[in-house]
Structure formats: structure tokens, C-alpha cells
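So the chains spell out like this:
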Amino acid sequence: MEGNKLEEQDSSPPQSTPGLMKGDKREEQGLGPEPAAPQQPTAEEEALIEFHRSYRELFEFFCNNTTIHGAIRLVCSQHNRMKTAFWAVLWLCTFGMMYWQFGLLFGEYFSYPVSLNINLNSDKLVFPAVTICTLNPYRYPEIKEELEELDRITEQTLFDLYKYSSFTTLVAGSRSRRDLRGTLPHPLQRLRVPPPPHGARRARSVASSVRDNNPQVDWKDWKIGFQLCNQNKSDCFYQTYSSGVDAVREWYRFHYINILSRLPETLPSLEKDTLGNFIFACRFNQVSCNQANYSHFHHPMYGNCYTFNDKNNSNLWMSSMPGINNGLSLMLRAEQNDFIPLLSTVTGARVMVHGQDEPAFMDDGGFNLRPGVETSISMRKETLDRLGGDYGDCTKNGSDVPVENLYPSKYTQQVCIHSCFQESMIKECGCAYIFYPRPQNVEYCDYRKHSSWGYCYYKLQVDFSSDHLGCFTKCRKPCSVTSYQLSAGYSRWPSVTSQEWVFQMLSRQNNYTVNNKRNGVAKVNIFFKELNYKTNSESPSVTMVTLLSNLGSQWSLWFGSSVLSVVEMAELIFDLLVITFLMLLRRFRSRYWSPGRGGRGAQEVASTLASSPPSHFCPHPTSLSLSQPGPAPSPALTAPPPAYATLGPRPSPGGSTGAGSSACPLGGP
């Protein structure tokens, strides 16, 4: 009985001990802790940064989740290969067309096109500077004898070539022809031209029914010119002209330049040539001019020149009203007194309109006034503002142009071109051209000091005209330009009925008798036609905002998507690059970082499994599992674990398992 009771008591289920809550551990004497239940597999946790395992998985995810139209059809039609192929081709063609349009838009943007904006403004205008010259080259007393000698030699040359003599400078009984011709180098000669072929000569004689009025002798077979040679006479050429007038004038001008270069550095003041000797009357806005309104300079070819309203004028003229009565009006003396007939063959005056801070290039922009005529010049102001940088090749102030400005004025393209030619002249010929400013310590060209400068100059002119000197390339246009559009009208002045009293008043007022009346006077009026002036300004045709708008329009047209779709495409490209990089890195590591691990690594894994189990694997004996109450152990515990032993240090043979073994208690005491 007692034994039975004892057995029943032992076999009864254990009672819960007071004071233990659910989940508290119960320890009984002689029993170890219950074996832990096998851990159930859990869902794969999402990492912070993940990438797809293959290209296929990446493209399927993109097509299923993108906002780009048409991409979903690549996935939903995958069971129908024909539809899938159709949508794939259509999607790729659309993609290609869109990026072709993108290329055109980017090409247009990076070509930096400009738009011209035209604005009309109305305001009071600053009257421009006006330069007017006498067309009467000045005879300096210091070179008077040399000029007279040049005149005599020229007259003798004309007589030798054309049997023509009408000048009074050649004194009867003076030097013989050889003495005169021998005093100057580079004599003017008549040169025979090789005859053309017979057919060409016949055609030319038939076509040339009108003869040239210039004095020429045997014009079919002769040309007029003079010889120029280099320093050692090894190379010579003839500067020839088909017109005798042009040849004589150019030859005379060449010698005249050499004579002018001999003037001393510090010239005494010119003979007093007051404004009244050239300009009878001057009025601006119905107010008479005074000496403070003009400045004077001398031009070698155009004589005495006067500039009105230049930058030296303290009070610049302003025009508040348009019209002929609100501008500049000048009465000029147009007679040629003691002028050089072989240098200047015109009479009247030369006038030019330009900015206050610009030099007067009378050869480039001036025009002549006819005697006995009233010339009315109306002006219209225009300004042009160019875009520099990538949008145009212009300069703001010329500081970035590799040409030194030799003029005391602001940068203009003409100033740069003349300065560039002067630099080339000094570099190639060793002297400066007298018509342009020269740097310090540089002499003007004179064949007495520089015997071959004429040869160098005419050769340089050919290179300059063909831009072999690079002056037109170096001298960029200014970004801001102010110009004046001129239009002229002419009328006879004074009229037949009024000329008597007009000439009488001019003669008495200026103490000057007009000998040749109508041919001795001229009048010019310069005024603004209107106070409206045009401003032309450049602006970029395609800005960044315009480019983005066009790109968005093309993207919406071909794919019907937005900016976020562009981000999706960028993400797709990034994922493709990362997957490709990881695949290449894996291949590189398997090839170069684990050499010889094929056979030997397998043997190490097998020997490790045969010798001892891993430290964290704790198998429970079958007897223990049968004696212990509770659920049977999972079959997964009897399966061998993965062979990870090769990744860590192997246990020492014959030693204890250490801390890892103590964590696996056996069931018995």
C-alpha cells in the first residue's frame, strides 16, 4: 500500500509551486534545464540598403512600379511573347526618339543662339563730335625747300613720261633732267607689259570702245610705276598702276611721307590759322560758337582739321529738339590757297561725325562737301549691346585684346586695327608709319634712314588685306557700340538772286574777298532728324528655363511622365551599375582572392566534420530524449550543420572544448 501510494505520488503530475508566475523557470534537484525548442525560421528582415539579385528581377520591379507609361505592358504581357516583343520595340523606339529630341535641344542650347531686341527710346540726346578738314595739306616751313624740290622733280617726270608741262614751279634754265631725277630714289618709270595672246587682244580691243580719260601713253602696252627693293637688293618688285594719275599721286605721296618724317620732334606752333580763316560762321542751337567749343589738329593728307564738341569740351552740346534749326550750322571757306596740287586733287571740305571719345578716321568714315552747295546732314542715333562670353566674340574695353592701343581714346575696332598694323610695321620694317601714332623711342619711316621700308610697307599691305597679319582676327568687336546713321540732302547755295549780298556780307564781316564766289564757299547743317533713337540689345534665345521647359515637353510627349519619372530612370541606371559592379567584384574575388581552394578546401571541411562537431552545435543523446518528458526533439537537430568550421580557428586536438562545450549540459548529473 505504501509502495503503491508512493508510486501514485511519483506518477502524479507535479504541482505548481506557489510564488512562481507564468514563464518563471523551475529547477528541480537532479534535473538540468529543459532543452530549448528549435528556433522557427522567420521572414527575411529588410536591410538599410538592398540591391536586386539579377537583372531580370531589377527590370521586373521597375516595370511593375514605374510611373512611365507603357513600361507595365512589358510585364503584364510576358505570357504573350508577340505583345511583349511589340511593346518592347515600341518602348525602345519611343525612348530613342525622345533622346534624339533631347540631343537637338542640347545642341541648340550649347550653340548659344541670341535674339535681337529692338527698343525705341525718346530723350534728350548728346550731340556727337563733328570733325571738319580743309583738304589743304599744310606746307611746313621746315620742309618747304624739300617740297619745292619734289614739285620740280615731279614736273620734270611728267614731261619725260607724257610731254606735259603746265606747272610754274619749274624754272627755265634750272637743272637738267638727269640732275633732277637723280636726287630722289625710286624714280617713276614707264614699264612695258608683256602683250596678251592674239585672241585676247582682239577681244579686248572690241570691248573697249570707251577710252580712259586719264593721261596715258600707249595704254595697251605700258604701265607706270616705281621699283622697290629689300635691304640687300636681292628681291625687287615694281609698284605699278594702269592709270597715270594714280601712279603720279602715289609716287608723290610716297616721297611726301619721307619728307614729313624729317620734321623735328618738337615742332613750333603752326602758322596762325584761326578758325575764321576757314569757317565764316558757326552756330549751334541758334547760338554762336566760341573757341572753347572746338579743338585743332593737323592731318598729313587733309590739312587743318577742327573737332567740335569733343571730349575736351567742358559743356557738351545737348539736343532737346530735332530739326535743322536745332543743330550745328557752318559756313566754310572752300578756296584752295597754296595747296599741293599733286597730293590733293579735290576741293571743298571733308566732314565726319563720330563719338566724343573716338578718334576721327577721316579716310574711313568721312565724306566731302561740295563748294557752292548747302549740305544738310540728318542723323539718327543707334546703339548696339552685344552679349560677350559664350554668346559672342566681343570685348568690353579691349583689355583682353592682344594689341596695344596706340590712340588716346577708348577701344574701337578701327583703333585696334590701325594699332595692329603699326605694331606689324615696327616689327617687320623697323620704323613707324607716319599716318598712325607711334610708340616711344620709335622713328617714323624715312628712306634716308630705312632704305627698304617702302619695299616692306607695300608687302605688308598685301598681307594686311588678306589678313595674314591676323589683325582682323585679333581685333574683336566692342560689346557696346554707338553709331549715327546719316542721310544727306543737297541744294545750291547761295541762290542766284541772293549770292551778291551774301558774298558782300561775308567779305566785310571776315575781311576777306571771295575771288571765285560760288566755288569759294560751302555750307553744312548737321542735326538730329528725330530724338527717337533705336537700341539693339542681344539676349539669349535659349535659357536654362527654356531648355528645361522643352525637355519636360518632350518627356511628356513621348512618355507622359514627370520629373519623378526622371528620378526613377536615374535610379534604374544606378542600380544597373551597382549590380554590374557587384557581379564583377564577386568574379574578381573568386578568381584572385581564393587561389587553390577548390580541392583542398573540400578536404578541410570533410576532416572537420569527421573529427568534432562545431562548438555551437549541441546534439542531445537519444537516451536522454527518451527519459525526459516533453515533446520529442525536432529532426532538424539531428541534421549536420553547415560546414562553417573552416571560417574560424580549428580546436586544438585533445583539448577541452572550452566555454562553448560548457554551454551544452548533458542530462545526467
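Bear in mind the structure is a predicted one, so any value in this text is a computation, not a measurement.

Assigned secondary structure in the protein consists of 19 helices and 20 strands. A burial count over the protein gives 34% of its 669 residues as buried. Residue pairs at least 24 apart in sequence account for 75% of intrachain contacts in the protein once pairs closer than 6 positions are excluded. Carbon and sulfur atoms make up 55% of the accessible area of the protein, which amounts to about 42,300 Å² in all.

Using the criterion set out here, one finds eight disulfides in the structure. Between the sulfur atoms of Cys-394 and its disulfide partner Cys-479 the distance amounts to 2.1 Å. The disulfide joining Cys-394 to Cys-479 has a torsion of about 85° about its S-S bond and is therefore right-handed. With a gap of 85 residues between them, Cys-394 in strand 16 (residues 394-395) and Cys-479 in the loop between strand 17 (477-478) and strand 18 (480-492) connect regions that are remote in the sequence.

Under the criterion given, the structure shown has 35 aromatic pairs. Relative to Tyr-99, the ring of Phe-95 has its centre 4.6 Å away and its plane inclined at 45°; by these criteria the two rings are tilted. Of this pair, Phe-95 and Tyr-99 are both found in helix 4 (residues 81-110), four residues apart, which corresponds to roughly one turn of the helix. Note on Tyr-99: relative accessible area 39%, which makes it partly exposed. Measuring from centroid to centroid gives 5.2 Å for Tyr-112 and Tyr-391, while their planes differ by 75°, and the two rings are edge-to-face. Of this pair, Tyr-112 sits in the loop between helix 4 and strand 1 (114-122) while Tyr-391 is found in the loop between strand 15 (373-385) and strand 16, placing the two residues 279 residues apart along the sequence. For Tyr-391, a relative accessible area of 25% corresponds to the partly exposed category. Among the aromatic residues, those joined into a cluster by ring pairs are Phe-226, Phe-254, Phe-421, Tyr-433, Phe-435, Tyr-436, Tyr-447, Trp-453, Tyr-457, Tyr-458, Phe-464 and Phe-472. One Lys or Arg, Lys-381, reaches over the ring of Tyr-533 and ends 5.3 Å from the middle of that ring. Seen from the ring of Phe-237, Lys-459 lies directly overhead, with NZ or CZ sitting 5.0 Å from the centre.

Residues given the UniProt feature "transmembrane region" (unreviewed entry) here are residues 85-106. Note that residues 85-106 is 100% helix and 0% strand, and that its end C-alpha atoms are spaced 31 Å apart.

This paragraph deals with a nonpolar patch on the surface. Among the surface-exposed residues, Phe-51, Phe-574, Phe-581, Leu-582, Leu-585, Phe-588, Tyr-592 and Trp-593 lie close enough to one another that they form a single nonpolar patch of about 850 Å² accessible area. Position of Phe-574 relative to the elements: it lies in helix 16 (residues 563-593).

In the contact formed by helix 4 and helix 15 (residues 544-559), the axes pass within 10 Å of each other and the chain directions differ by 165°. By the angle between their directions, the pair helix 4 and helix 15 is classed as roughly antiparallel. The two elements helix 4 and helix 15 cross, and the hand of that crossing is right-handed. Across the interface between the two elements, Trp-91, Thr-94, Phe-95, Met-97, Met-98, Tyr-99, Gln-101, Phe-102, Leu-105, Phe-106 and Tyr-109 of helix 4 pack against Met-544, Leu-547, Asn-550, Leu-551, Gln-554, Trp-555, Trp-558 and Phe-559 of helix 15. Of the residues belonging to the contact of helix 4 with helix 15, the class tally is 15 nonpolar, four polar and no charged.

With that out of the way, let us pick up helix 8 (residues 244-260). If you check helix 8, its first and last C-alpha atoms are 24 Å apart, about what 17 residues at 1.5 Å a residue would give, namely 24 Å. Two to three positions downstream of the cap, the backbone nitrogen of Val-245 sits 3.4 Å from a side-chain oxygen, assigning the N-cap of helix 8 to Ser-243.

The next point concerns helix 2 (residues 55-65). Burial in helix 2 covers these residues: Leu-58, Phe-62 and Cys-63. Each buried residue of helix 2 lies within a common arc of 125° when the element is viewed along its axis, so the set occupies one face.

Strand 10 (residues 303-308) sits mainly inside the fold: six of its six residues count as buried. One ladder, built from four bridges, connects strand 3 (residues 129-133) with strand 10; its direction is antiparallel. For Ile-132, the partnering residue across the bridge sits in strand 10 and is Tyr-306. Joining the antiparallel neighbours strand 9 (residues 294-299) and strand 10 is a turn of three residues.

Looking now at the sheet that holds strand 9. Spatially, the five strands line up as an open sheet ordered 9-10-3-13-14, and their pairing is antiparallel. In this open sheet, the two edge strands, each paired with only one partner strand, are strand 9 and strand 14 (367-369). Across this sheet, the average inter-strand angle for adjacent strands is 30°, counted without regard to direction.

Turning next to the side chain of Ser-419. Structurally, the position occupied by Ser-419 is in helix 11 (residues 413-429). For Ser-419, a relative accessible area of 0% gives the class buried. With residues near it in sequence (within four places) discarded, Ser-419 still touches Val-403, Glu-404, Asn-405, Leu-406 and Tyr-407.

Reading the values: the criteria
Residues numbered from 1 in each chain as written. Predicted model: local features only at pLDDT ≥ 70, side-chain atom pairs only at ≥ 80, totals over all residues. Heavy atoms only, no water. Helix = DSSP H or I, 4+ residues; strand = E, 2+ residues; numbered from the N terminus. Buried < 20%, exposed > 50% of the residue type's maximum accessible area, 1.4 Å probe, protein only. Contact = heavy atoms within 4.5 Å. Areas by Shrake-Rupley, 256 points an atom, 1.4 Å probe, with all protein chains shown as cover. Disulfide = S-S within 2.5 Å. Phe/Tyr/Trp six-rings, centres within 6.5 Å; stacked < 30°, edge-to-face > 60°. Lys NZ or Arg CZ within 6 Å of the ring centre and 35° of its normal. UniProt positions renumbered as here; feature names shortened; annotations may be inferred. Patch = residues over 30% accessible without salt bridge, like charges linked within 9 Å, V, L, I, M, F, W, Y side chains within 5 Å. Salt bridge = Lys/Arg side-chain N within 4 Å of Asp/Glu carboxyl O. Axes fitted to C-alpha atoms, helices over the stretch in contact; angles between N-to-C directions. Parallel < 35°, antiparallel > 145°, perpendicular 65-115°, else oblique. Left-handed = near helix turned anticlockwise from the far one by under 90°. Nonpolar A, V, L, I, M, F, W, Y, C, P; charged D, E, K, R; others polar. Expected span 1.5 Å × (residues − 1). Polar contact = N/O pair within 3.5 Å; in protein donor to acceptor, adjacent residues only side chain to side chain. Arc of directions from axis to C-beta. Pairing = 2+ DSSP bridges.

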